[in-house]
Amino acid sequence: MKRLWIEYIAVWVAAIVLFLAYQNDWLLSGALVNNGMATYIANYTTIAITIGFIYLALKLFVLKGIAARIMQGGERCYLRWAEIRLCMLAIALLLSVNVYQATLEKSGAFCALITAIALLFIVPSRQDMINRTTPQKEEENVSEGE
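Every chain's residues receive numbers from 1 upward, in the order its sequence appears when written. Totals for whole chains, interfaces and linings use every residue, but because this is a predicted model, local features are given only for residues with pLDDT of at least 70 and side-chain atom pairs only at 80 or more, for both listing and counting. Hydrogens and waters are ignored; side-chain quantities use all the structure's heavy atoms.

*Asks:* Could you give an account of the overall build of the protein chain, with specific residues and numbers?
*Replies:* Scanning the protein chain for helices and strands turns up 6 helices and 0 strands. When the elements of the protein chain are put in sequence order from the N terminus, they spell out α-α-α-α-α-α. Categorising residues by exposure relies on relative accessible area from a 1.4 Å probe, with only protein chains included: less than 20% of the type maximum marks a residue as buried, more than 50% marks it as exposed, and the intermediate range marks it as partly exposed. The 146 residues of the protein chain split such that 35% are buried. Contacts were defined at the residue level, with two residues in contact if any of their heavy atoms lie within 4.5 Å. The contacts in the protein chain between residues at least 6 apart in sequence include a share of 77% that link residues at least 24 apart. Each accessible area is a Shrake-Rupley result for a 1.4 Å probe, and residues are judged covered by the shown protein chains and nothing else. Here the protein chain has roughly 9600 Å² of accessible surface; of this, 63% comes from carbon and sulfur atoms. When charges are counted, neither His nor the chain ends are considered; positive counts come from Lys and Arg and negative counts from Asp and Glu. The atoms used to mark charge sites are NZ of Lys, CZ of Arg, CG of Asp and CD of Glu. A gap of 8 Å separates the mean positions of the 12 positive and 11 negative side-chain charges of the protein chain. The helix and strand labels rest on DSSP assignments: H or I over at least four residues marks a helix, E over at least two residues marks a strand, and numbering proceeds from the N terminus.

Take a look at the structure:
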């Protein structure tokens, strides 16, 4: 669990360092500004990847096959799928920051912002791991009067 927290913080740090590297001119900003087709393709690809990865990352643990694997595999399996989920959002975030800085178009910034917000929904917690790896008792809903 500690490793997952370190990886989670590393994603945030990597995005901030990448953004600061562009802002301080350590990396070339605006490389695609004068190339309309490249800008269009980069923005479209970033939007598609951001939408797809955010949706999949947030729904990953409720997919029947993955939820069953996590239930059977326990903590180790949960950590593996949590890392996959974190990796998807990290790719989307870092790609969005790079595309924003390369094209200087707001769509990349919006994708980065949306992905950063999505990262707040997957904060690692021991309680979530316990809930997903422990079998839940099915409660029978018996209505009175029937």
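Now that the structure has been shown, the text picks up again.
*Asks:* How would you summarise the pattern of salt bridges if you had to cite specific residues and measurements?
*Replies:* Any Lys or Arg side-chain nitrogen located within 4 Å of an Asp or Glu carboxyl oxygen qualifies as a salt bridge. Inspection of every chain in the model, using the stated rule, returns 3 salt bridges. The salt bridge involving glutamate 7 is made with arginine 3; its shortest N-O contact spans 3.6 Å. Taken together, the positions of glutamate 7 and arginine 3, both in helix H1 (residues 2-23) and 4 residues apart, correspond to about one turn of that helix. By relative accessible area, glutamate 7 is classed as partly exposed at 26%. Here arginine 3 ties to glutamate 83 by a salt bridge, and the two come within 2.6 Å at their closest N and O atoms. Taken as a pair, arginine 3 in helix H1 and glutamate 83 in helix H4 (residues 75-103) lie far apart in primary sequence, 80 residues in all. The partly exposed category is assigned to glutamate 83, whose relative accessible area is 22%. Taken together, the shared-partner salt bridges in this structure form one network comprising Arg3, Glu7 and Glu83.

*Asks:* Could you give an account of the nonpolar core, with specific residues and numbers?
*Replies:* Counting 30 residues, the largest nonpolar core has Phe61 and Leu119 as its most contacted members. Taken together, the elements giving at least two residues each to this core come down to H1, helix H2 (36-59), helix H3 (64-73), H4 and helix H5 (106-119). Take this core: its biggest share by element is 11 residues, from H4. When sequence neighbours within four positions are dropped, the list of residues in contact with phenylalanine 61 reads Ile66, Ala67, Ile70, Tyr78, Trp81, Ala82, Arg85, Asp128 and Arg132. What makes a nonpolar core is a set of buried Ala, Val, Leu, Ile, Met, Phe, Trp, Tyr and Cys residues whose side-chain atoms join them at distances within 4.5 Å.

So yeah, pure geometry; function would need other evidence.
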